[in-house]
Amino acid sequence: MKLNLLNKFALCILLSLPPTAESLAAAGKFNFVAGDVRVVNAAGERKGVRGGEVEAGDLIVSGADGMAQLRMSDGAAIAVRADTELRIDEYHFAGTPDASSNSALSLLKGTMRALPARSPVSTKTS
């Protein structure tokens with residue numbers, strides 16, 4: 001009986017903890033969308049819209065007249081051209097570039113361009 005009560009107490013504590021920032025942060029957002037652009041994942045399919053978020057596991061599909069630009073949470077930019085399928089296989093960025101940051105993208109079809117995040121410019125003078 002004591003063990004069951006202790007388990008329930010521990011479960012209540014865990015459920016009351018706020019979610020971590022990592023679990024709330026999107027992998028990226030659409031900066032620009034033109035034409036037919038869709039996001040497909042396990043929950044279904046939705047239209048890509050400016051400001052719309054993308055997550056790890058999402059497949060970005062652009063039609064014959066579609067193109068989009070994404071700004072990832074680490075500052076990198078990804079441009080997706082017409083007739084393209086780009087999957088975000090993995091994405092982890094906790095706010096600062098470190099050993100735990102990683103991403104994996106799969107270009108299944110079409111054309112894309114990725115531009116890395118700009119590194120801060122040093123204003124130090126000697």
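Attention here is on the structure that accompanies the text. Along each chain, residues carry numbers from 1 onward, in the same order as the chain's sequence is written. Predicted model: local features are reported for residues with pLDDT of at least 70 only, side-chain atom pairs are reported and counted for 80 or more only, and whole-chain, interface and lining totals are derived from all residues. Hydrogen atoms and water are omitted, and side-chain values are computed over all heavy atoms in the structure.

For the rest of this paragraph, the subject is the overall build of the chain. When helices and strands are tallied, the chain shows 2 helices and 10 strands. Put simply, the chain runs from its N terminus to its C terminus through helices and strands in the order α-α-β-β-β-β-β-β-β-β-β-β. Per-residue accessibility, obtained with a 1.4 Å probe over protein chains only, is compared with the maximum for each type, and a residue is labelled buried under 20%, exposed over 50%, and partly exposed between these values. Burial analysis of the chain (126 residues in total) assigns 23% to the buried set. We call two residues in contact whenever any of their non-hydrogen atoms come within 4.5 Å of each other. Put simply, of all contacts in the chain between residues at least 6 apart along the chain, 48% involve residues at least 24 apart. Helix numbers and strand numbers start at the N terminus; a helix is a DSSP run of H or I with at least 4 residues, a strand a run of E with at least 2.

Turning to the nonpolar core, a few remarks are in order. Buried residues of nine kinds, namely Ala, Val, Leu, Ile, Met, Phe, Trp, Tyr and Cys, make up a nonpolar core once their side-chain atoms join them within 4.5 Å. Within the largest apolar cluster, 16 residues are counted, with the highest numbers of intra-cluster contacts made by Phe30, Val54, Ile60, Leu70 and Met72. Looking at this core, the elements with two or more residues in it are β2 (37-41), β6 (67-72), β7 (77-80) and β8 (84-92). In contact with Met72, not counting residues within four places along its chain, are Ala27, Gly28, Ile78, Ile88 and Tyr91.

The next point concerns the sheet that holds β2. Taken in spatial order, the 5 strands of this open sheet run β3-β2-β5-β8-β9, and their pairing is antiparallel. Edge positions in the open sheet fall to β3 (44-47) and β9 (102-109), since each of these has one partner strand only. Between one strand and the next, the sheet's axes are offset by a mean angle of 20°, whatever the strand orientation. Between any two strands, at least two bridges found by DSSP are needed for them to pair. Where β8 and β9 come together, 7 bridges link them in antiparallel fashion. Bridge pairing in β9 places Glu85 opposite Lys109. For helices, the axis comes from a line fit to the C-alpha atoms of the stretch in contact; other axes are also lines fit to C-alpha atoms, and the angle between any two N-to-C directions lies between 0 and 180 degrees.

For the rest of this paragraph, the subject is the pattern of salt bridges. Salt bridges are identified by distance alone: a Lys or Arg side-chain nitrogen within 4 Å of an Asp or Glu carboxyl oxygen. Counted by the stated rule, this structure contains 4 salt bridges. For Arg38, the salt bridge goes to Asp36, with nearest N and O atoms at 3.1 Å. Asp36 sits in the partly exposed class, given a relative accessible area of 31%. In this structure, Arg87 and Asp89 form a salt bridge, with 2.4 Å as the shortest nitrogen-oxygen distance. Arg87 gets classed as partly exposed once you look at its relative accessible area, which sits at 32%. A single salt-bridge network, built from bridges that share partners, covers Asp36, Arg38 and Glu45.

Inspection of the sheet shows β2 paired to β3 by 4 bridges, in the antiparallel sense. By the bridge assignment, Asn41 is partnered in β3 with Gly44.

Turning our eyes to something else, we now look at the environment of Glu85. By the secondary structure assignment, Glu85 is in strand β8. We classify Glu85 as partly exposed; its relative accessible area is 27%. The spacing of Glu85 and Met112 is 27 residues in sequence and 9.1 Å in space, taken between C-alpha atoms. Discounting chain neighbours no more than four positions away, the residues touching Glu85 are Leu59, Ile60, Val61, Ser106, Leu107, Leu108 and Lys109.

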